[in-house]
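A closer look at the structure
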Amino acid sequence: MIEHVIAEARKPLPSGAAPEFFLDAYCGGGLFALQAAKDFKIVIGVDISPGSIQSAQLNAELNGLDNAYFTEADSTEIFKQVRGADEHIENDFHPSRSIVVIDPPRKGCDEAFLDQLIAYGPARVVYVSCDASTQARDAKYLLAKAPYAISRVMPVDLFPQTRHIESVITFDRVEAEGFGL
């Protein structure tokens, strides 16, 4: 599954350009961000767990990844570190060259996070979920409120012979009228 998420993140954007910036919300120990660091100019991960962030920072250091940054905060804080959500931020994580990976807990994303994601407007969103019902709820919200189209859905059976699956949905930003663009 890790390979699939990273492949979806790094594939050429709808514009044909390569994505440069990788934002990992709900990053935990940095699994996706650390694996993606070699393919992106800068990766940023945010998680609410201090232990997870310490592990991610240590792994980045041990692996010589000087382009991976991790912050202990609520997932909504990731947008305070990138241009687009706050025009006073100096980092130039231009949305047209950015992807966001979301791997929330079973309860999914809250509307405050999704609204900030929509306001930032990355070129691609890769949403990993362990609960198809909350992922569907969040996908419906995202598709109704922002100019995204689903480009790929992939179920992943990480827990054979149980009812649990992981699901990965890739959303690509599209040009569309009616979204205030």
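The present account deals with the structure reproduced in this document. (Residues numbered from 1 in each chain as written. Predicted model: local features only at pLDDT ≥ 70, side-chain atom pairs only at ≥ 80, totals over all residues. Heavy atoms only, no water.)

**Focus: the overall build of the chain**
If you tally the helices and strands in the chain, you get five helices and seven strands. If you list the helices and strands of the chain from N to C, you get α-β-α-β-α-β-β-α-β-α-β-β. Against the compact-globule benchmark of 16 Å for 181 residues, the chain has a radius of gyration of 15 Å, which places it among compact chains. The principal-axis extent of the C-alpha atoms belonging to the chain is close to 50 × 45 × 30 Å. Taken over 181 residues, the chain has a buried fraction of 45%. Taking contacts inside the chain between residues at least 6 apart in sequence as the whole, the part at least 24 apart equals 67%. Total accessible area computed for the chain in this model is approximately 9200 Å², and 51% of it derives from carbon and sulfur atoms. Charged side chains of the chain number 16 positive and 26 negative; the gap between the two group centres comes to 5 Å. (Helix = DSSP H or I, 4+ residues; strand = E, 2+ residues; numbered from the N terminus. Rg over C-alpha atoms; globule rule 2.2 N^0.38 Å. Buried < 20%, exposed > 50% of the residue type's maximum accessible area, 1.4 Å probe, protein only. Contact = heavy atoms within 4.5 Å. Areas by Shrake-Rupley, 256 points an atom, 1.4 Å probe, with all protein chains shown as cover. Lys, Arg positive; Asp, Glu negative; His and termini not counted. Charge placed at Lys NZ, Arg CZ, Asp CG, Glu CD.)

**A word on the sheet that holds strand S4 (residues 98-102)**
The strand order across the open sheet built from seven strands is S3-S2-S1-S4-S5-S7-S6, with neighbouring strands paired in mixed fashion. Only two strands of the sheet have a single neighbouring strand rather than two, namely strand S3 (68-72) and strand S6 (148-156). Strand-to-strand twist of the sheet, defined as the mean angle between neighbouring strand axes without regard to direction, takes the value 15°. Sheet topology places strand S5 (residues 124-129) next to strand S7 (residues 166-173); six bridges connect them, and they run antiparallel. Looking across to S7, one finds that Val 128 is bridged to Val 168. (Pairing = 2+ DSSP bridges. Axes fitted to C-alpha atoms, helices over the stretch in contact; angles between N-to-C directions.)

**Remarks on the packing of helix H4 (residues 111-120) against helix H5 (residues 132-145)**
For any two helices packed against each other, one specifies the inter-axial angle together with the distance between the axes. Packing of H4 against H5 brings their axes to within 11 Å, and their N-to-C directions diverge by 35°. Crossing hand, H4 versus H5: right-handed. Residues Glu 111, Leu 114, Asp 115, Leu 117 and Ile 118 of H4 form the contact with H5, whose participating residues are Asp 138, Tyr 141, Leu 142 and Lys 145. In terms of residue class, the contact of H4 with H5 is made up of five nonpolar, no polar and four charged. (Left-handed = near helix turned anticlockwise from the far one by under 90°. Nonpolar A, V, L, I, M, F, W, Y, C, P; charged D, E, K, R; others polar.)

Interpretation in functional terms is not warranted from these geometric data alone.
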